[in-house]
Number of protein chains: 2
Amino acid sequence: MVENFEEIDKILKLIEEKRFFKLREALIEMNPADIATIFEEINQKDITLLFRVLPKELAADTFTYLESHMQQRLIEAFSDRELSDVIEELFMDDTVDIIEEMPANVVNKILRNVDPQTRTLINELLNYPNDSAGSIMTTEYVSLKGGMTVEEAFAHIRRVGVDKETIYNCYVIEDRRLVGLVTVKDLLIARYEDKIEDIMETNVISVDTHEDQEVVANMFNKYDFIAIPVVDRENRLVGIVTFDDAMDVINEETEEDIEAMAAILPSDKSYMHTGIFATWKKRIPWLLLLMVSATFTGKIITYFEDALGAYVVLTAFIPMLMDTGGNAGSQSSVTIIRGISMDEISFSDIFRVMWKEFRVSILCGFTLAIAGFIKVILIDHVEILVALVVSITLCVTVLIAKFIGCSLPILVKKMGFDPAVMVSPFITTAVDAVSLLLYFNIASALLNI
Amino acid sequence: MVENFEEIDKILKLIEEKRFFKLREALIEMNPADIATIFEEINQKDITLLFRVLPKELAADTFTYLESHMQQRLIEAFSDRELSDVIEELFMDDTVDIIEEMPANVVNKILRNVDPQTRTLINELLNYPNDSAGSIMTTEYVSLKGGMTVEEAFAHIRRVGVDKETIYNCYVIEDRRLVGLVTVKDLLIARYEDKIEDIMETNVISVDTHEDQEVVANMFNKYDFIAIPVVDRENRLVGIVTFDDAMDVINEETEEDIEAMAAILPSDKSYMHTGIFATWKKRIPWLLLLMVSATFTGKIITYFEDALGAYVVLTAFIPMLMDTGGNAGSQSSVTIIRGISMDEISFSDIFRVMWKEFRVSILCGFTLAIAGFIKVILIDHVEILVALVVSITLCVTVLIAKFIGCSLPILVKKMGFDPAVMVSPFITTAVDAVSLLLYFNIASALLNI
């Protein structure tokens, strides 16, 4: 990796010195993903210049690795000829990805510069629901006929393979229907005269065009596939999803889950390329909502104001109780949410999960109650009765927090919502209110207020 | 996917009815990952039975997909002969993965049942640091010589390919040193008489055996590779990491980050297979630590007890201020931690990040202050001066929370620690203390306590 940084510095110097021939020579040796990194480092005015130095195919490859704001700038600067050259080299799924990110005027410029057949195909792909298998698939796959021999198959791959996103999984088609799969490894191991239909795998795992992209990505996790075929309702092969697309989906969905857990609205853009106002818009809704929902906890405290007047010392433990409850709850909810999104936990597991969390929460609750009791007596020097109130509240709060934390995500998922978005931000508020109610009621009972 | 569930039910019925011939026939048609799912569903006593029904190669494939507690049970039940049959079929990296999970007696049983050469290789792989490229690589790759023709290369792949984890990337070796890369796609497109050294890519991106597995996985994200070669200090090729291993690493590291963010100690086992005590041990340390660290907030409240006596109404807003501050802080910290682990944010970005967060926090702070002021007046009916105290505290708390939230992860990373583990659990406590201090000081100043 160190070499790469050095290489980037070398390139930046060549650009500065305008030594274009040497620049082109150096770039040709590089990986398109690394060239894309260079685009992030150079001055805005050099972007088009650098792009034009690249040979056609490398330019198109590099283009797919660029951030969308950079792609937009380039498309706007391109001549019509340059644009159609780039689009022609791109795989269909990359073109569609790019179009989905661009504003209307740029989309129009792109669609104006592709041939009618490609335009029809693009429009078809754009019609698949967002986040569906259809929207991330590519239509450039290798298809074979069952009656071909291995030798004929190789000849076919040789002829069409260069423009396909992957050639290593080849799909066997009959009347446009998917009937089998052969890998290039199978072909290499077979004899030249073998028939494809004799060596193909007939039990092919495929997904529907409307399948959720997260489900498709999880299938790559499970099966270690290079590609999964996408079929329509009549089992006609319409495209393939490749492992690199699946990795992108996994990262995107993980990003969304993590953001949701931190009470942030999800977005496609990376942090460094999201503007100030856009970042504000992602964060402020939850902050406002949570601020307002904290009214309940405030009301509870106000209601018990008299008790507090008599025992001001009780107030000092409110943050500890709320934080511990919140932490205990989010430990459970985050674990369960992750389990759900990795397909490990489903609705049928709800009782097993609850029983497990119940036992864990008993262990955690008692440990915390004992430790809390000792801490409150030794460090905070309060009377034993107050310490007892605090430690009983701790224990019960942990029990309830973990109960809410484990059951809510599963229920929310069952109702068809995304548990990461719906649950995480509310756990704190819910547990806060519960722990305060418990606290004051236990205090009232034990301290005779 | 629906078909698979039906298939699983069918298999379960065949096991129950002990129709072993039909069972074997049905299993042969299935994917090993799906067969592994069935192992999770059947009775403990049927596990060995089901495994013995599988043909040798399929049995070994299925074995790699099993959860480690299931693998352990099977290894313990195997005869020596069965065990060495399975190990022989496994790829080296899978064998090492399994060994790393097993208790000593099972490891000994495995090592007793492999040939001396394999044993040496296993010990070598086990010696690489945990979480390094060396520990996840496999030694089964295809190597070619630069002087071979494409036709000779194909003949070579045909001969050795069946036992290799991937044949699609072939590595060109000279004096054991890595000098080039050819893909099977390159070979298919080339003429039979072309020399490998003329068509190979010479600028091969590789990783060192000691490189962190997370860095390796991020390279797959960046470059869309099928495999990355692993070299030692002298650039000698020692193994390859394949994309499916990278996906496993990404999931594992994400799991760890998410767990750390939720104040849980990381572990390799999946939730459903972690015992009650193990789960307790993962959760209780942070809960205890955070409970004790909440002593600070308690002390602050105790210190301002007099003020609270005079203005009990102030207590009602403590939860709101703490929750909003905690949320604002974790929004920033989680975003930055994720940016760091995705290689998007590095130490050199610290000032850009801080400047950005500062502007976002001004926007968020003012919005919350205004909304909070109105809410407190309209819903909570307090005097204007108290509302002013609350809304100023809100604004300043958000500013400070976001400042801590964005700078701490970068600093912690710079010091060589994992920001997810070190930062997330402390943000809440730190922000709680800061917001309370602010609250009481602003209250003292404005309310003349």
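Residues numbered from 1 in each chain as written. Chains lettered and ligands numbered in written order. Predicted model: local features only at pLDDT ≥ 70, side-chain atom pairs only at ≥ 80, totals over all residues. Heavy atoms only, no water.

(A) Local environment of the confidence of the model for chain A. Here chain A shows a mean pLDDT of 86. Residues at 70 or above account for 98%. Per the prediction output, this complex has pTM 0.78; the corresponding ipTM is 0.77. (pLDDT = per-residue confidence, 0-100.)

(B) The arrangement of the packing of aromatic side chains in detail. Under the criterion given, the structure shown has 25 aromatic pairs over all chains. Aromatic side chains B:Phe154 and B:Tyr192 sit 6.2 Å apart centroid to centroid with 90° between the ring planes, which places their arrangement in the edge-to-face category. In this pair, B:Phe154 is assigned in helix α12 (residues 150-160) and B:Tyr192 in the loop between α13 (184-189) and α14 (196-199), connecting sequence segments 38 residues apart. We classify B:Tyr192 as partly exposed; its relative accessible area is 32%. Taken together, A:Phe39, A:Phe51, A:Phe63 and A:Phe78 form an aromatic cluster joined through their ring pairs. Positioned over the ring face of B:Tyr192 is A:Arg158, at 4.9 Å from the centre of the ring. (Phe/Tyr/Trp six-rings, centres within 6.5 Å; stacked < 30°, edge-to-face > 60°. Helix = DSSP H or I, 4+ residues; strand = E, 2+ residues; numbered from the N terminus. Buried < 20%, exposed > 50% of the residue type's maximum accessible area, 1.4 Å probe, protein only. Lys NZ or Arg CZ within 6 Å of the ring centre and 35° of its normal.)

(C) Representation of the relation of the copies chain B and chain A within the structure. The transformation that overlays chain B on chain A combines an axial shift of 0.0 Å with a rotation of 180°, and the residual RMSD is 0.1 Å. These values place the two chain copies in the arrangement generated by a two-fold rotation axis. Taken together, the interface assignments show that 100% of the residues at the interface of chain B recur at the interface of chain A, consistent with an identical surface on both copies. (Least-squares fit on C-alpha atoms with pLDDT ≥ 70 in both. Contact = heavy atoms within 4.5 Å.)

(D) Examining the environment of A:Glu101 more closely. All names here are of chain A. With respect to the helices and strands, Glu101 occurs in helix α8 (residues 92-101). Under the relative-accessibility criterion, Glu101 is labelled partly exposed at 36%. Along the chain, Glu101 and Gln331 lie 230 residues apart, while their C-alpha atoms are 36 Å from each other.

(E) Focus on the nonpolar core. Ranked by size, the top nonpolar core spans 178 residues in total, and within it A:Leu27, A:Phe39, A:Phe63, B:Leu27, B:Phe39 and B:Phe63 carry the most contacts. Beyond its immediate stretch of four places on either side in the chain, B:Phe39 contacts B:Ile47, B:Leu50, B:Phe51, B:Leu54, B:Thr62, B:Leu66, B:Met70 and B:Leu74. (Core = buried A, V, L, I, M, F, W, Y, C linked by side-chain atoms within 4.5 Å.)

(F) Fine view of the pattern of salt bridges. Residues and elements named next belong to chain A. The tally for this structure, following the rule as stated, stands at 30 salt bridges over all chains. Between Asp46 and Lys45 there is a salt bridge; the shortest N-O distance is 3.3 Å. One salt bridge in this structure joins Glu234 and Arg236, with 3.1 Å as the shortest N-O distance. Glu234 sits in the partly exposed class, given a relative accessible area of 41%. Through salt bridges with shared partners, one network takes in Asp232, Glu234 and Arg236. (Salt bridge = Lys/Arg side-chain N within 4 Å of Asp/Glu carboxyl O.)

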